[in-house]
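Remarks on the overall topology
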Amino acid sequence: MKVLKIALLGFGTVGEGVYRTIQSHGVRLEEVLGKKVEVVAVLVRDKEKARNISKDLLLTTDFDEILNIPQLDIVMEAIVEKEPGFTYLKKAIQKGCHVITANKEMFAHHGKELLELAEQHYVSVGFEATVAGGVPIIQTLRQLLNVNRINKIQGILNGTSNFILSEMREKKQSFADALHLAQEKGYAENDPSNDVEGTDAFYKLVILSKIAFGQQLDWSDINVAGITKITSELVEEAEELGLRFKHIASVEQENGKLKGSVKPILVGRSHPFYHIEGVENAVNVEGDIVGSITLQGPGAGMFPTASAMLEDLGQLSKISKQYDSKSFSVKTNKETRRAAEYWLICNVKKKLLHPAIENVERLKNGTSIINADEKVVEKVREQYPGMEYFKIIGGYNEINRSGSTSLTATL
Ligand SMILES: NC(=O)c1ccc[n+]([C@@H]2O[C@H](COP(=O)([O-])OP(=O)(O)OC[C@H]3O[C@@H](n4cnc5c(N)ncnc54)[C@H](OP(=O)(O)O)[C@@H]3O)[C@@H](O)[C@H]2O)c1
């Protein structure tokens, strides 16, 4: 029986997870692929590190040694940062290897080039693990794209931010304490800026928008904000209204242009993201036929991420012949109806004055809830220096004068 030869680039959390799962699930992979799967080489930065790895395979720091392996079939990449991963995968594709990557930073920047190059060389690029870890959102979108048009995608795409927000609410911790706990538990890096400032979620949104809308989302298209401005006081105030802060990345197409955001949003209990807690990720897709679908699951970690990469491997038997980068784009409903939205406004002690807003509710501590279009809210902020605003989705508890609460439906 022919052996499918794999080279693994990176042997950290993800690379080791892939290696161990190939060992433990070899029989199943053979059933799916019709071939025995073998890791023949591993590329790392430091060869001297102790690793639990077979002595029979090639352990190297030199990518040329990988390229020289005769009849190498697949290169699976789990290195950090854009380079050297991009250069290595380009060379692997040019050599005729299928490639599978977990590297979202690299893929958000260079995915288009890799897909086009792969098309020229009749090989495939798997990238399920770049978005939401073990949640099979890429495959789901591919399935949906055949007939449905995607109207909108939104997701809780950064588990570290979601963990911090959950801890702040449940345990009444400060942002700094919750971040410290995330670092202790290994959910956040020593330098957590990519996670808490929204960059990581933005990379994933770039990848999702390209699949769903066939367009590359750019930094300049959207405002990227993280969770660093969320205080425990704000979290508590939101809780009183029946709302939870979630860090949400979203993208939709309006008149042929992509419109998106990456920022904290207040979520009411009728929204599927309300109950997404801790390091979980979730993605909600609105298709014009199917309506709203939400997938949730582990957004990171050794085995969930390995699972996504191995599912890409399992797809190889089906897609190697018919793969083409254009199949990742779909047309969207041009006539997306927009209506006014509800917003929590903070740090404005007086009544907000603007002809296009309705002050739905004035609360304590300079906060109020208004009903307006986002463009109007942005204009209003120019008048009120220091004003912060958070979108509300999924309903909130209206606090009437008698102090009792009732649920108000929002858009
Ligand atoms: N961790 C997750 O849960 C997760 C989930 C989804 C996606 N990802 C993505 O998967 C990738 C890997 O993440 P990870 O958590 O596994 O990272 P990691 O634990 O830091 O491991 C990185 C691996 O890459 C190797 N490496 C780094 N720079 C290299 C270079 N210049 N040349 C060759 N090898 C190099 C390292 O070698 P040494 O071992 O010698 O240092 C290490 O084995 C990242 O792009 C990440 O964004 C991670």
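Right above here is the structure, for reference.
I will try to describe carefully the structure that is included in this document. Everything quoted here is computed from the prediction, not taken from an experiment. (Residues numbered from 1 in each chain as written. Predicted model: local features only at pLDDT ≥ 70, side-chain atom pairs only at ≥ 80, totals over all residues. Heavy atoms only, no water.)

1. Examining helix α5 (residues 104-120)
Its 17 residues give α5 an end-to-end C-alpha distance of 23 Å, which sits within 8% of 24 Å, the value for a rise of 1.5 Å per residue. At His 110, α5 shows its maximal kink, close to 75°. All of the buried residues in α5 are Glu 105, Met 106, Phe 107, Ala 108, His 110, Gly 111, Leu 114, Leu 115, Leu 117 and Ala 118. Those residues of α5 that are buried are in contact with β4 (74-77), α4 (85-94), β5 (98-101), β6 (125-126) and α10 (199-213). Measuring from the backbone nitrogen of Glu 105 back to the side-chain oxygen at the start of α5 gives 3.4 Å, which picks out Asn 103 as the cap. (Helix = DSSP H or I, 4+ residues; strand = E, 2+ residues; numbered from the N terminus. Expected span 1.5 Å × (residues − 1). Bend = angle between axes of the 7 residues up to and from the residue. Buried < 20%, exposed > 50% of the residue type's maximum accessible area, 1.4 Å probe, protein only. Contact = heavy atoms within 4.5 Å. Polar contact = N/O pair within 3.5 Å; in protein donor to acceptor, adjacent residues only side chain to side chain.)

2. A closer look at the site of the ligand
Within the structure, the ligand sits among 22 residues, and Phe 11, Asp 46, Lys 49, Ile 79 and Gly 301 are positioned closest to it. Here Ile 79 contributes a backbone N or O atom positioned 2.7 Å from an oxygen atom of the ligand. Note that an oxygen atom of the ligand is positioned 2.7 Å from one of the backbone N or O atoms of Gly 301. Protein burial of the ligand: of its 900 Å² of free accessible surface, 81% is covered by the chains. In the shell around the ligand, the residues fall into 11 nonpolar, 6 polar and 5 charged. (Near = heavy atom within 4 Å. Areas by Shrake-Rupley, 256 points an atom, 1.4 Å probe, with all protein chains shown as cover. Nonpolar A, V, L, I, M, F, W, Y, C, P; charged D, E, K, R; others polar.)

3. Let's talk about the side chain of Gln 173
Within the secondary structure, Gln 173 is located in the loop between α7 (159-170) and α8 (175-184). The contacts of Gln 173, once residues within four sequence positions are left out, are Glu 167, Met 168, Ala 178, Leu 181 and Ser 232.

4. Considerations on the packing of aromatic side chains
On inspection of all chains with the given rule, the structure shows 7 aromatic pairs. Considering the side-chain rings of Phe 11 and Tyr 19, the 5.4 Å spacing of their centres and the 70° angle between planes classify their relative orientation as edge-to-face. Look at Phe 11 and you get buried, because its relative accessible area is 7%. Given a relative accessible area of 7%, Tyr 19 falls into the buried group. The ring centre of Tyr 274 lies 4.0 Å from the NZ or CZ of Arg 244, which sits over that ring. (Phe/Tyr/Trp six-rings, centres within 6.5 Å; stacked < 30°, edge-to-face > 60°. Lys NZ or Arg CZ within 6 Å of the ring centre and 35° of its normal.)

5. Looking at unusual backbone geometry
Cis geometry is found at the peptide bond from Glu 83 to Pro 84, where omega equals 10°. Assignment of secondary structure puts Pro 84 in the loop between β4 and α4. One non-glycine residue, Asn 255, lies in the positive phi region at around 50°. The topology assignment puts Asn 255 in the loop between β9 (243-254) and β10 (257-268).

Shape is all these values report; function is a separate question.
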